[in-house]
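Observations on chain architecture
Below are the chains, spelled out letter by letter.
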Amino acid sequence: MKHAFCLTFAAGLLLAAGTALAANDTPAGTWKTIDDATHQAKSIVQITENNGEYKATIVKLLNRSPEDIARDGEFPKCTKCDGERKDQPIEGMNIMWGVTKDDDVWDGGKIIDPKSGKTYKVKLTLKDGGRKLDVHGYIGFALLGRSQTWERQD
């Protein structure tokens, strides 16, 4: 009886671990963005999935200096953006859209840099067992561009 209990307990632990790992096999979730130049946390972003399409929204800006606040205000706006994002608050802004799964990467969508107002093609790749997300923005070919590593928060 004791042996059966141990086997059941072990199987339960493996099932729970498998469920936890499965939750990290998608970019959906809450992420801390890390600036590729300064290596400082810049924002908290929520990636959601709806009918196979992933999009990202800035939830909160982080590590803003007194100079940033003096220049851009307490609630900065996307002054360099075009179209519907022009002069909209950066917190709450949808910064990534149209991304779909393609084998072990997510791509086909766009991402905007609210600081510059520029829009890039984007490719997402999960790293470190789903705890990190490589976000690669590029124009033209994916070999060119820049990448950031985001850290999962949930």
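What this report covers is the structure whose coordinates are included nearby. (Residues numbered from 1 in each chain as written. Predicted model: local features only at pLDDT ≥ 70, side-chain atom pairs only at ≥ 80, totals over all residues. Heavy atoms only, no water.)

1. Notes on the sheet that holds strand 2 (residues 41-50)
To keep things clear, this is the line we draw: We treat two strands as partners when DSSP finds at least two bridges between them. Only runs of H or I of at least four residues qualify as helices and only runs of E of at least two qualify as strands under DSSP, and these elements are numbered from the N terminus. Angles here are taken between N-to-C directions and fall from 0 to 180 degrees, while the axes themselves are lines fitted to C-alpha atoms, restricted in helices to the stretch in contact.
Read once around its circumference, the closed barrel built from 8 strands follows the order 1-2-3-4-5-6-7-8, with strand pairing classed as antiparallel. The mean inter-strand angle of the sheet, taken between neighbouring strand axes irrespective of direction, is 30°.

2. Describing the nonpolar core
Test applied: Buried residues of nine kinds, namely Ala, Val, Leu, Ile, Met, Phe, Trp, Tyr and Cys, make up a nonpolar core once their side-chain atoms join them within 4.5 Å. The buried label goes to any residue with under 20% of its type's maximum accessible area, the exposed label to any with over 50%, and the partly exposed label to all in between, with areas taken from a 1.4 Å probe on protein chains only. Residues are treated as being in contact if the distance between any of their heavy atoms lies within 4.5 Å.
Core analysis: the biggest nonpolar cluster contains 24 residues, and I47, I95, M96, L124, L133 and W150 have the highest contact counts within it. For this core, the elements supplying multiple residues, two or more each, are strand 2, strand 3 (53-61), strand 4 (94-102), strand 5 (105-113), strand 6 (118-127) and strand 7 (132-138). Ignoring any residue separated from it by four or fewer positions in sequence, one finds I95 in contact with V45, A56, I58, K110, I111, I112, P114 and W150.

3. Considerations on the pattern of salt bridges
Basically, it comes down to this: A side-chain nitrogen of Lys or Arg and a carboxyl oxygen of Asp or Glu constitute a salt bridge if their distance falls within 4 Å.
On inspection of all chains with the given rule, the structure shows 5 salt bridges. A salt bridge links R146 to D113; the shortest N-O distance between them is 3.8 Å. Of this pair, R146 sits in strand 8 (residues 146-152) while D113 is found in strand 5, placing the two residues 33 residues apart along the sequence. Given the relative accessible area of 40%, R146 is considered partly exposed. Residues joined by salt bridges that share partners form a network here, namely D36, D113 and R146.

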